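Chains, contacts and geometry: an overview
What follows is each chain in one-letter form.
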Amino acid sequence: MFMFEEQIIELLKKELKKEAQGDIKLEIPPKKEMGDFAFPCFNLAKEFKKSPVEVAKQIASKLKPVGMVEKIIPLGPYVNFFLQKGNVAESILKSIHEEKDTYGSSKEGKQRVVCIDYSHPNVAKPFGIGHLRSTMIGRALYNMLKFHDFKPMGLNHLGDWGTQFGALIYAHLTWGDRERLKTDAIKYLLEIYVKFNHEKEKTPELQDKAKEWFKKLEDNDSEAIKLWARFRELSLEEFQRIYKMLNVDFESYDGEAFFKDKFDDAVDLLKTKVKTELSDGALIVPLEGFEVPAIIVKSDGTSTYITRDIAAAVYRLKTYKPYKVLYIVGSEQKLHFKMLFKIIGLLGKDESKFEHINFGFYLSADGSKMATRKGTIVFMEDVLNESIALARKTIEEKNPDLANKEEVAKKIGVGSVIFNDLINDRIHDVVFDWKKMLDFEGDTGPYLMYTFARASSIVRKAIKEHSLAPGTSVDFSKLSHESEQKVVMLLSKFKEKISESLAQYKPHVLAQYLIELGRAFNEFYHSCPCLKEEDKELQKARLLLIDCTRQVIKNGLKLLNIDSPDEM
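Residues numbered from 1 in each chain as written. Predicted model: local features only at pLDDT ≥ 70, side-chain atom pairs only at ≥ 80, totals over all residues. Heavy atoms only, no water.

1. Notes on the overall build of the protein chain
When helices and strands are counted, the protein chain shows 21 helices and twelve strands. Of all 568 residues assigned to the protein chain, the portion counted as buried reaches 54%. Taking the contacts inside the protein chain whose residues are at least 6 apart along the sequence as the reference set, 74% of them involve residues at least 24 apart. By element, 48% of the accessible surface of the protein chain is carried by carbon and sulfur atoms, the whole surface being about 26,500 Å². Taking the 87 positively charged and 86 negatively charged side chains of the protein chain as two groups, their mean positions are separated by 3 Å. (Helix = DSSP H or I, 4+ residues; strand = E, 2+ residues; numbered from the N terminus. Buried < 20%, exposed > 50% of the residue type's maximum accessible area, 1.4 Å probe, protein only. Contact = heavy atoms within 4.5 Å. Areas by Shrake-Rupley, 256 points an atom, 1.4 Å probe, with all protein chains shown as cover. Lys, Arg positive; Asp, Glu negative; His and termini not counted. Charge placed at Lys NZ, Arg CZ, Asp CG, Glu CD.)

Dropping the structure here:
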């Protein structure tokens with residue numbers, strides 16, 4: 001919320017006094033001639049014992065313009081406020097020009113720690129397109145939290161433990177090719193994992209072999225541990241290459257296996273604090289309100305996902321002392337996390353610190369969920385390379401003399417994939433579509449990056465050819481065109497949109513705002529020429545507006561983990 005909105009709200013609170021104890025919500029009128037903000041009076045009609053129209057007239061008659069408010073009038077059941085456009089533009093553009101890369105930030109976080117458990121691919125499996133959602137939603141929230149002065153801790157809780165490793169070890173020892181493990185590790189491990197699951201459909205007893213080898217792994221069998229460690233090492237090398245392309249890193253790569261020596265303590269803590277039972281040889285925790293119990297230890301003595309997550313949660317509370325712990329994990333794990341948080345509460349911990357930030361999945365063209373075990377996975381590296389190749393081709397066609405073409409192609413290609421993911425509301429599934437994923441038109445990352453590059457080009461040209469640099473010694477009242485005012489008002493919303501994204505843990509709020517800003521800027525660009533403008537004062541004001549828009553698009557894309565090239 002920018003200062004002029006606060007001024008209007010304070011103005012209303014003074015006049016309404018006890019009637020305005022709740023939050024005062026302002027609306028944006030549907031037409032420009034109706035003002036900049038409107039206060040609906042429907043809820044006050046009962047209090048005043050008058051119609052909303054009469055209430056609006058009564059309130060408007062008592063309010064006097066103050067600060068940036070130029071005029072106040074009643075329009076039907078609304079009190080409408082008109083702002084002094086020049087003062088508004090001055091306040092916003094000066095702030096952006098002075099704060100630059102920090103514009104939109106705040107000190108709200110007070111360096112409180114927020115643990116973000118995100119990305120967490122499974123060891124010995126390729127980094128598929130399905131991992132993109134957790135990775136980029138998590139990273140965008142990480143960036144926004146840091147921008148608001150929280151201290152985010154990126155925790156990559158690798159899937160490096162469990163029965164699937166028993167299956168892999170058995171498959172490798174039974175059908176394995178040691179040379180391919182050396183030369184093409186991840187694709188080879190995927191193939192034998194898929195083969196194991198196909199064979200298991202014909203011979204269900206194979207699952208017992210997987211369980212046997214996982215039991216050996218938990219019992220520190222030397223052969224099992226050696227193979228598991230090799231699978232993990234090779235997988236981490238693969239993941240690091242993808243993370244480098246996406247410009248993502250973590251404070252910790254401690255996966256499930258890291259908590260192996262903490263499982264027993266977690267189980268002992270549960271037995272002490274929570275009612276546990278034995279059921280068919282398995283240790284369970286019956287949970288009130290749940291149809292099924294939480295299985296803590298399987299009948300063969302091995303751990304479960306929830307055991308490992310309990311151990312991790314207890315460790316994180318003790319080690320990081322977090323304000324919040326966020327799990328960026330798919331919607332299908334809702335029940336798991338409800339159980340986990342319930343158990344954390346039963347252990348006497350503050351379960352309100354824990355939140356599951358769920359999201360939908362990438363689906364195949366036929367609407368089915370992509371699955372590693374079925375071999376229906378799309379490799380993340382292939383998607384990124386395809387997008388970079390398309391960006392390179394587009395540059396060769398449209399700007400073949402561009403310097404650093406390869407670097408720019410990488411920024412555009414990777415940014416396109418990231419933005420295509422984050423523009424979607426996280427709770428919705430996304431059908432994987434190569435054409436849409438790599439589309440450089442419409443509401444896309446390349447569209448915003450091109451808008452940024454266009455604005456940057458105007459600023460460079462102004463400095464180089466006109467000896468005119470963006471500055472705040474301008475006549476802000478000159479920015480009177482409707483398209484100019486629209487951009488100014490959108491720029492004022494940047495900080496609010498970041499806060500809204502964080503409040504809902506939904507980066508698409510910020511992504512969609514940036515698209516709206518990009519559209520408004522391009523309307524302004526076509527309607528209001530800058531460097532050809534003969535009125536020098538208007539020219540200077542427009543140049544500042546262009547530079548400030550460029551800055552906000554840059555800041556916004558950076559929060560979404562997208563690096564914008566200055567030229568395209």
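Read on, since the account is not over.
2. Things to note about the side chain of Thr 304
Mapped onto the fold, Thr 304 is located in the loop between β8 (294-297) and α12 (305-320). Thr 304 sits in the buried class, given a relative accessible area of 10%. Within polar-contact distance, the side chain of Thr 304 engages the side chain of Thr 307 at 2.8 Å. (Polar contact = N/O pair within 3.5 Å; in protein donor to acceptor, adjacent residues only side chain to side chain.)

3. Here we look at helix α13 (residues 334-346)
With 13 residues, α13 ought to run about 18 Å at 1.5 Å a step, and its terminal C-alpha atoms sit 18 Å apart, in line with that. Here α13 has its buried residues at His 336, Phe 337, Met 339, Leu 340, Phe 341, Ile 343 and Ile 344. Against the buried residues of α13 lie α11 (263-273), β8, α12, β9 (324-328) and β10 (354-357). A positive phi of about 90 degrees marks Gly 348, the residue just after α13. (Expected span 1.5 Å × (residues − 1).)

4. Considering the environment of Gly 109
Note that Gly 109 resides in the loop between α4 (85-99) and β4 (113-117). The sequence separation of Gly 109 and Leu 145 amounts to 36 residues, and the corresponding C-alpha distance is 7.4 Å.

5. A short note on the pattern of salt bridges
Applying the stated criterion across every chain yields a total of 38 salt bridges. A salt bridge links Lys 215 to Asp 219; the nearest nitrogen and oxygen atoms lie 2.8 Å apart. With its nearest N and O atoms 3.5 Å apart, the salt bridge here joins Lys 497 to Glu 500. One end of the pair is Lys 497 and the other is Glu 500, both in helix α19 (residues 494-504) and three residues apart, which spans about a single turn. Look at Glu 500 and you get partly exposed, because its relative accessible area is 28%. A single salt-bridge network, built from bridges that share partners, covers Glu 5, Lys 493 and Glu 496. (Salt bridge = Lys/Arg side-chain N within 4 Å of Asp/Glu carboxyl O.)

6. With respect to the packing of aromatic side chains
Using the criterion set out here, one finds 24 aromatic pairs in the structure. Summarising the aromatic geometry, the rings of Phe 42 and Tyr 78 are spaced 5.7 Å apart at their centres and angled 85 degrees between planes, so their arrangement reads as edge-to-face. Taken as a pair, Phe 42 in the loop between β1 (37-40) and α2 (45-48) and Tyr 78 in strand β3 (residues 78-83) lie far apart in primary sequence, 36 residues in all. What makes Phe 42 partly exposed here is its relative accessible area of 44%. Judged by its relative accessible area of 23%, Tyr 78 is partly exposed. A ring pair is formed by Phe 250 and Tyr 253, whose centres lie 5.4 Å apart and whose planes are at 70 degrees; its orientation type is edge-to-face. Pair check on accessibility: Phe 250 and Tyr 253 agree, each one buried. Three or more aromatic residues link up through ring pairs in this structure, and these residues are Tyr 118, Phe 127, Phe 239, Tyr 243, Phe 250 and Tyr 253. Here the basic side chain of Lys 216 rests over the ring of Trp 213, its NZ or CZ set 4.0 Å away from the ring centre. (Phe/Tyr/Trp six-rings, centres within 6.5 Å; stacked < 30°, edge-to-face > 60°. Lys NZ or Arg CZ within 6 Å of the ring centre and 35° of its normal.)

7. Remarks on the packing of helix α17 (residues 445-466) against helix α21 (residues 536-559)
The contact between α17 and α21 brings their axes to 9 Å, and the two run at 140 degrees. The orientation of α17 with respect to α21, classified from their angle, is oblique. Considering only the axes of α17 and α21, their crossing is left-handed. Facing α17, whose interface residues are Leu 448, Met 449, Thr 451, Phe 452, Ala 455, Ser 456, Ile 458, Val 459 and Ala 462, α21 presents Leu 543, Ile 546, Asp 547, Arg 550, Ile 553, Lys 554 and Leu 557. (Axes fitted to C-alpha atoms, helices over the stretch in contact; angles between N-to-C directions. Parallel < 35°, antiparallel > 145°, perpendicular 65-115°, else oblique. Left-handed = near helix turned anticlockwise from the far one by under 90°.)

8. Concerning the sheet that holds strand β2 (residues 69-75)
Read from one edge to the other, the open sheet built from three strands follows the order β1-β3-β2, with strand pairing classed as antiparallel. Strand pairing shows two members of the sheet lacking a second neighbour, β1 and β2, which therefore form its edges. Sheet twist, expressed as the average angle between the axes of neighbouring strands with direction ignored, equals 20 degrees. Direction of pairing for β2 relative to β3: antiparallel, over a ladder of six bridges. The residue bridging Pro 74 from the neighbouring strand is Val 79, located in β3. Relative to β2, helix α3 (residues 52-62) is tilted by about 155 degrees, and along the sheet it contacts β1, β2 and β3. (Pairing = 2+ DSSP bridges.)

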